[in-house]
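# Commentary on secondary and tertiary structure
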Amino acid sequence: MVVSVKDQKLGIYSTEGKLTKQYVISTSKFGLGDQKGSNRTPLGKHEIIAKIGQGLPAGAVLKSRRWNGEVLKPNAPGRDPIVSRILWLRGMETSNKNAFNRYIYIHGTPEENRLGSPASYGCVRMGMKDVVDLFNSVNIGAKVVITKDHLPPSEPDKPAAKTDSETGTPASAAPGADTAQPIEIARLVPTEGEKKRAEENAVKARRGLFDRAPKEESAATTQPAADAEVAGQTSMKSKKA
């Protein structure tokens, strides 16, 4: 997950780097930092160390990480408690080592009309239902990066690998084959001497004057049979396996 202070958004990324979900959030109205008592949002790499609120209704008020039995509606007048769910963060760097003991959470807020701008006291605030959705999407140990920059762009989908239509194996192609221009091959015109030799060879073939083919051609002619024999052995081994 990535929390962008500049965008005031939280994004979830796949292992391939594709942005799969994003939510509007709020970071601290006091700015960025990890000093104790600063009420600021710490930057850097964090991990989710605990998940609290499983099964509670959206809007459930969590006081000292326990449900007090109250459920609020979005933008309840005069109310600003932690609601719905808590994802407790632990800093993984020297610059955010105090995050866990400062109780820096990703949590729900009833003040949904203030999402999209800095409004918290250090935590990352989300909508009542959005934090439930996030809670259900990530596990303990999931990594969270809080950055002052924009959300990273989503990696484009990689095109499917081309395969040979007959064998199904990956097709080999020269770089840039998809955009390469067709190559024009010059037309070959036989000379008069080549025409004469071709006619003489045709006459000799009809008279049976060619006793046997050259060795290279014989090898090429017999190779398919050898390949067929090997293929048959491979097939039998496969059946035994």
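All values reported here derive from a predicted model rather than from experimental measurement. Here the residue numbers are simple positions, counted from 1 along each chain's written sequence. Local features in a predicted model are, by the rule used here, given only for residues with pLDDT of at least 70; side-chain atom pairs are given and counted only at 80 or more, and totals for whole chains, interfaces and linings are based on all residues. Hydrogens and waters are ignored; side-chain quantities use all the structure's heavy atoms.

## Things to note about the nonpolar core
Where a protein is soluble and globular, its nonpolar side chains tend to be buried together. Residues belong to a common nonpolar core when they are buried Ala, Val, Leu, Ile, Met, Phe, Trp, Tyr or Cys residues joined through side-chain atoms within 4.5 Å. The cut-offs for exposure are 20% and 50% of the maximum accessible area for each residue type, with area from a 1.4 Å probe on protein chains only; residues under the lower value are buried, those over the upper are exposed, and the others partly exposed. Among the nonpolar cores identified, the biggest contains 22 residues, and Met1, Leu10, Ile106, Met126, Leu134 and Val144 are the most heavily contacted of them. Helix and strand definitions here come from DSSP, where helices need a minimum of 4 consecutive H or I residues and strands a minimum of 2 consecutive E residues; each element is numbered from the N-terminal end. At the level of secondary structure, the elements contributing two or more residues to this core comprise strand E2 (9-13), strand E7 (83-91), strand E9 (124-126), helix H1 (128-137) and strand E10 (143-147). With 4 residues, H1 is the largest single contributor of residues to this core. Listed in part, the 9 residues of the second largest apolar core include Ala50, Ala60, Leu62 and Cys123.

## Here we look at the pattern of salt bridges
When a carboxyl oxygen of Asp or Glu is within 4 Å of a side-chain nitrogen of Lys or Arg, the pair counts as a salt bridge. As enumerated under the stated definition, the model contains 8 salt bridges in all. Residue Asp133 is joined to Lys21 by a salt bridge in which the shortest nitrogen-to-oxygen separation is 3.1 Å. With Asp133 in helix H1 and Lys21 in strand E3 (residues 19-24), the pair connects residues that are 112 residues apart, well separated along the chain. According to the relative accessible area criterion, Asp133 is partly exposed, its value standing at 30%. A salt bridge links Glu111 to Arg125, with the nearest nitrogen and oxygen atoms 3.1 Å apart. Highlighted residues: Glu111 in the loop between strand E8 (105-108) and E9 and Arg125 in strand E9, separated in sequence by 14 residues. Among the residues examined, Arg125 registers a relative accessible area of 5% and is labelled buried.

## Things to note about the pairing of E2
With respect to burial, E2 is a largely interior element, 4 of its 5 residues being buried. Following DSSP output, two strands are said to pair if at least two bridges run between them. Two strands pair when backbone bridges link them, and strand E1 (residues 2-4) and E2 are joined in this way by 3 bridges, in the antiparallel orientation. By the bridge assignment for E2, Val2 is matched with Gly11. Here E1 folds back onto E2, and the loop between the two strands holds 4 residues, one of which, Gln8, carries a positive phi near 55°.

## Points about the confidence of the model for the protein
Of the residues in the protein, 65% reach a pLDDT of 70 or more, and the chain-wide mean stands at 78. Residue-level confidence of the predictor is what pLDDT reports, using numbers from 0 through 100. Any two residues having at least one pair of non-hydrogen atoms within 4.5 Å are treated as being in contact. Predicted confidence for residues 171-189 stays below pLDDT 50, and this span has 4 contacts to residues more than four positions away or in other chains. Note that pLDDT drops below 50 for residues 209-241; the model gives that stretch 5 contacts with residues more than four away or on any other chain.

## Points about the packing of aromatic side chains
Any Phe, Tyr or Trp ring, taking Trp's six-membered ring, that has another such ring centre within 6.5 Å forms a pair; planes under 30 degrees apart are called stacked, those over 60 apart edge-to-face, and the others tilted. Counted by the stated rule, this structure contains 4 aromatic pairs. Measuring from ring centre to ring centre gives 5.8 Å for Phe30 and Tyr121, while their planes differ by 50°; the resulting arrangement is tilted. Pair noted here: Phe30 is in the loop between E3 and strand E4 (44-52) and Tyr121 is in the loop between E8 and E9, with a separation of 91 residues, a long-range link. Ring plane angle 85° and centroid distance 5.6 Å describe the contact between Trp88 and Tyr105, whose orientation is recorded as edge-to-face. With a gap of 17 residues between them, Trp88 in strand E7 and Tyr105 in strand E8 connect regions that are remote in the sequence. Of the two residues, Trp88 and Tyr105, neither departs from the other in class, the shared state being buried. Among the aromatic residues, those joined into a ring-pair cluster are Trp88, Phe100, Tyr103 and Tyr105. Directly above the ring of Phe135 sits Lys51, whose terminal nitrogen or CZ lies 4.5 Å from the centroid. The criterion is that NZ of a Lys, or CZ of an Arg, lies within 6 Å of the ring centre and within 35 degrees of the ring normal, and then a charge sits over that ring.

## Re the layout of surface pockets
To locate leftover empty space, one rolls a probe as large as a water molecule over the atoms. Considering only enclosed or pocket space, the largest pocket measures out at about 230 Å³ in volume. Cavity: a set of points on a 1 Å grid over the protein atoms alone where a 1.4 Å probe fits but cannot get out. Pocket: an open set with protein on both sides within 12 Å along at least five of seven lines, its lining residues, like those of a cavity, having an atom within 4 Å of a point. Taken together, 15 residues line the largest pocket, and the ones lying closest to its centre are Asn39, Tyr103, Tyr121, Gly122 and Cys123. Grid points are joined across faces, edges and corners, and a volume is the space filled by probe spheres set on the points.

## Examining the environment of Asn75
Checked against the element boundaries, Asn75 lands in the loop between strand E6 (66-71) and E7. Residues Asn75 and Asn113 lie 38 residues apart in sequence; the distance between their C-alpha atoms is 6.6 Å. The residues contacting Asn75, other than those within four sequence positions of it, are Pro110, Glu111, Glu112 and Asn113. Separated by 3.1 Å, the side chain of Asn75 and the backbone nitrogen of Glu112 make a polar contact. N or O atoms within 3.5 Å of each other form a polar contact, as long as, within protein, one can give a hydrogen and the other can take it, and as long as residues adjacent in sequence are counted only when both atoms are side-chain atoms. There is a polar contact of 2.9 Å between the side chain of Asn75 and the backbone nitrogen of Asn113.

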